[in-house]
Amino acid sequence: MISTRLSSLRLAESICLLLILLFLSGCGQKPESTTITFAVGGAPAELDFWQVLIGEFQDRTGIKVDLLRQPTDTDLRRQGLITSLKAGRSDPDVFLMDVAWLGQFAASDWLEPLDTHNDLDLDVFFEKVLNLADRYQGHLIALPVYVDGGLLYYRQDLLNKYGFDKPPQTWSELLRYSLVIQKGERETNPDFYGFVWQGAQYEGLICNWLEYAGSNAGGIVFEDGRIILHTPANVQATQFMHALIHIHKVSPPNTYTEMKEEEARTFFQQGNALFERNWPYAWALHQSEDSPVRGKVGLAGLPHFSVGPSVSTLGGWHIGISKHSDAKQKSFEFMKFVLSFETQKRLALELSWNPGRRDVYTDQQVIAALPHFTRLRGVFENLRPRPNLPYYTLISQVLQRHLNAVLSGNSSATEALSAAEREAQTIVDRYAQ
Amino acid sequence: MPSRNLTSVSKSAAHELRTGCLFILPLVVFIVLFVLLPVLGTFINSMFQDVSFVGKRFYFFKNYEHLWSDPGFFKALKFTLLFILVSVPFELVLGLLFAMLLDQHIPFRGLLRGCVLIPWAIPAAISARTWELIYNYSYGLANYICLTLGLSTQPVNWLGTSVGAFSAVVVADVWKTAPFVAIIFLAGLQAIPRELYEQGRIDRANSWHMFFRITLPILRPVVIVALLFRTIDGLRVFDLIYVLTHGGPGGSTASVSHYAYMHFVSGDFGYGSAISVVLFVIAFVFSIVYVKVGRFSTEVL
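All residue numbers refer to position in the chain's written sequence, counted from 1. Throughout, the order in which chains and ligands are written sets their labels, letters from A for the former and numbers from 1 for the latter. Where totals are concerned, whole chains, interfaces and linings use all residues; where local detail is concerned, this predicted model gives features only for residues with pLDDT of at least 70, and gives and counts side-chain atom pairs only at 80 or more. Values reported for side chains reflect all heavy atoms of the structure, with hydrogen atoms and water molecules removed beforehand.

**Student:** What am I meant to see in helix H6 (residues 124–135) of chain B here?
**Tutor:** Given 3.6 residues to a turn, an α-helix orients residues that are three or four positions apart in the same direction. Residues and elements named next belong to chain B. Spanning 12 residues, H6 covers 16 Å between terminal C-alpha atoms, matching the ideal 16 Å at 1.5 Å per step. Within H6, the full set of buried residues consists of Ala124, Ser127, Ala128, Trp131, Glu132 and Tyr135. Viewed end-on, H6 has its buried residues packed into an arc of 150 degrees, placing them on one side of the element. In this structure, the buried residues of H6 make contact with helix H8 (162–190) and helix H11 (239–244). What counts as a helix is a DSSP run of H or I of at least four residues, what counts as a strand is a run of E of at least two, and both are numbered from the N terminus. Each helix should span, by expectation, one fewer than its residue count multiplied by 1.5 Å. Partly exposed residues are those whose accessible area sits between 20% and 50% of the maximum for their type, while under 20% is buried and over 50% is exposed, using a 1.4 Å probe and protein chains only. Throughout, the arc means the angular range of directions from the helix axis out to the C-beta atoms. Any two residues whose heavy atoms approach within 4.5 Å at even a single point are treated as in contact.

Here you go:
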């Protein structure tokens, strides 16, 4: 009896001690921590790459870096960062962000301004990307690690076979080529479709839609607290997307249920499609050893409507430093290392990512290994961002829902866009102070 | 003498009380820490405008006011209520059938009882992913079967219509949770004294009568418990939606939890909390109604 009481007392004591220790360790406000925590997610190969890079950085500078491994899923990566930042935790110190979150993160005052560091050479980055995505209210808050933009992949061998000498410049040309070649190819391959793109209800749908809308001189307009979505240009672009699936039937029926980047890529890579809209990452995979379309693929800017220019939605990941970081100077050193010419070149050569630095695209060794980079550079000068609003995600949610309803045939483009505009406006009003 | 006896009795009673308190203390701490405080915290948070990019200030019921005029929320609420209205009855009926089957003396009964539990043991995200592969348009099992048997000449886009996606979600949920209901019912069935059935047989009751006059009334408290569990679980359905349909097509399968989550990710914690509180209140009302209808206090036998 006595012994059990003693031991339970001891247990209680040690628990208390542990709690006090935990409490104290949480409170300790050290001037500058000796290690930095770098949060990044991605495929296993990408995480391994970061691990190697961190090792080299440690050898060179003596600064210890902890790699906080995040999942591959974009939403989960964001959720993990928001939880730490909202709680004001000092870790992670430095992290990668999707370009679509920058508005929210900057407006939440979670990011350390970078303009105070004048030893940064900003001229090496794509100027448009910096101005559109990385500046918030005059402050530089992030820098591009790699840049993405929508591209058109096409089957060069099939265009030759049916006598088309160059990739389509306009959407109506794309439709015409698709109808002809789909009809011909169906005789031997019943699963063949003209054009695959991302139409499922997720962020990628907005990226695709902005390219159709923008190339019809439309898009999301935001001025004086008013958001405008329901315009003739947007309605026409949305109707065209619906028609690709339901009227002309050149895009498969699962476009609006399942088609995300990887679904579209595998569909095209299996040789079942003539055209594909995707990000630059697909190139290296289409050209891999076991790819059935290896050596048969071409790359071009996306088509446009007769009234607008070719538009490519800006994607990609940016690096920033937490305002709550306890090792800002060291984080900045690490950031400079990630954005150095050597590291960016390795990102291109080893992961075939598209660096945020322009000068990598003219490097002879890079061009020899990745000849398509010369073409990408031109596309990246003309990128169109998503609206840089702090509540962009909520607007995007509304738009995703209504656009996907149009693609599924449950709603007309006019109905959907006017409903989306109304709902988006209530969101704008809710946060406009 | 008697007085001394009395003090010793009261002493031992006090001791017993203390021991009793000690025993329930961990549970009380657990409930306060992980149930009461979060619920209170969420409620308090729902009274604030707590948006990461705007700041935090007291808001009274303004979040609820916004909620009232938010078509996205009502669409999610409608889906969620419809979802429990359809899936819970299926789960209960199937669960009861399984339970009655497993209550019989059939060969390999132990093995079968174990097997029935497997879908319940699989994490929801994984089973949702499995169903996603089954429904897949290009290489899914469902389309393979349909095309092989000649039921259809074209692949079917199962998740492509609102009705299709809704049914797909219900099927996946029933598959996963009917076993859970079956196990609860099985326990209830085993508690019914066999003599009652023998008595019924003597009175020449047919099996139909025996089911409705003996089995079901005695099972009632168990049915209410299963109903309660499934309704509350169904109200907060998230993982299945998140993995299987992402709320599509056109937002027709977005659940309330999914809607609250989207606001959390977008940085509006106050609004997300308000949605969670509404969900909590609905679940609470359901629970009270069930407990009242179930008449737990009245004796069955």
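From this point, the discussion proceeds with the structure in view.
**Student:** Mind showing me how you'd approach the domain arrangement of chain A here?
**Tutor:** Residues and elements named next belong to chain A. Domain boundaries in chain A define domain 1 (34–148 + 315–384) and domain 2 (151–313 + 388–431). When each unit is reduced to the centre of its C-alpha atoms, the spacing between domain 1 and domain 2 is 28 Å. Contacts between the two partners involve 22 residues from domain 1, matched on the other side by 18 residues from domain 2. Looking at the side of domain 1 facing domain 2, the largest losses of area belong to His372, Arg375 and Arg384, adding up to 33% of the total buried there. Each salt bridge in this description consists of a side-chain nitrogen of Lys or Arg and a carboxyl oxygen of Asp or Glu lying within 4 Å of one another. The tally of links between domain 1 and domain 2 comes to 0 salt bridges. Distance and chemistry together define a polar contact, namely a pair of N or O atoms within 3.5 Å, with one atom able to donate a hydrogen and the other to accept it when in protein, and with adjacent residues in sequence counting only for side-chain atoms on both sides. For the interface between domain 1 and domain 2, the tally reads 7 residue pairs in polar contact (both at pLDDT 80 or more). Among the secondary structure elements, those contributing two or more residues to the side of domain 1 that touches domain 2 are helix H4 (102–107), helix H5 (127–134), strand S4 (135–136), helix H15 (373–380) and strand S14 (383–384). Domain boundaries shown here were taken from an automatic or database domain assignment. Buried area is understood as the total, over both parts, of accessible area removed when two parts are fitted together, assessed with a 1.4 Å probe.

**Student:** Quick question: what am I supposed to make of the interface of chain A and chain B here?
**Tutor:** Accessible area lost upon the coming together of the parts is a frequently used measure of interface size. Counting residues at the interface gives 34 residues for chain A, matched by 37 residues for chain B. Roughly 3,000 Å² is buried in total at the junction of chain A and chain B, and carbon and sulfur atoms are behind 54% of that figure. Contact with chain B buries area across many residues of chain A, yet Arg401, Arg430 and Tyr431 of chain A alone supply 20% of it, more than any other trio. Where chain A meets chain B, there are 1 salt bridge. Asp50 of chain B is the partner of Lys86 of chain A in a salt bridge, and the nearest nitrogen-oxygen pair spans 2.8 Å. In this structure, the connection of chain A to chain B is made through 15 residue pairs in polar contact (both at pLDDT 80 or more). Those elements giving two or more residues to the side of chain A that touches chain B turn out to be helix H3 (74–86), H4, helix H16 (392–407) and helix H17 (413–431) of chain A. With 7 residues, H3 of chain A is the single largest residue contributor to the side of chain A that touches chain B. Residue polarity is assigned by list, with Asp, Glu, Lys and Arg as charged and Ala, Val, Leu, Ile, Met, Phe, Trp, Tyr, Cys and Pro as nonpolar; anything else, Gly included, falls into the polar class. A class-by-class count of the residues in the side of chain A that touches chain B yields 12 nonpolar, 13 polar and 9 charged.

**Student:** How should helix H9 (residues 232–246) of chain A be read in this particular structure?
**Tutor:** All names here are of chain A. Taking 1.5 Å per residue, 15 residues should reach 21 Å; H9 reaches 21 Å between its end C-alpha atoms and fits that length. Taken residue by residue, H9 has Ala233, Asn234, Val235, Ala237, Thr238, Phe240, Met241, Ala243, Leu244 and Ile245 as its buried positions. Looking at the buried positions of H9, the neighbouring elements they touch are helix H7 (171–186), strand S8 (193–196), helix H8 (203–214), H16 and H17.

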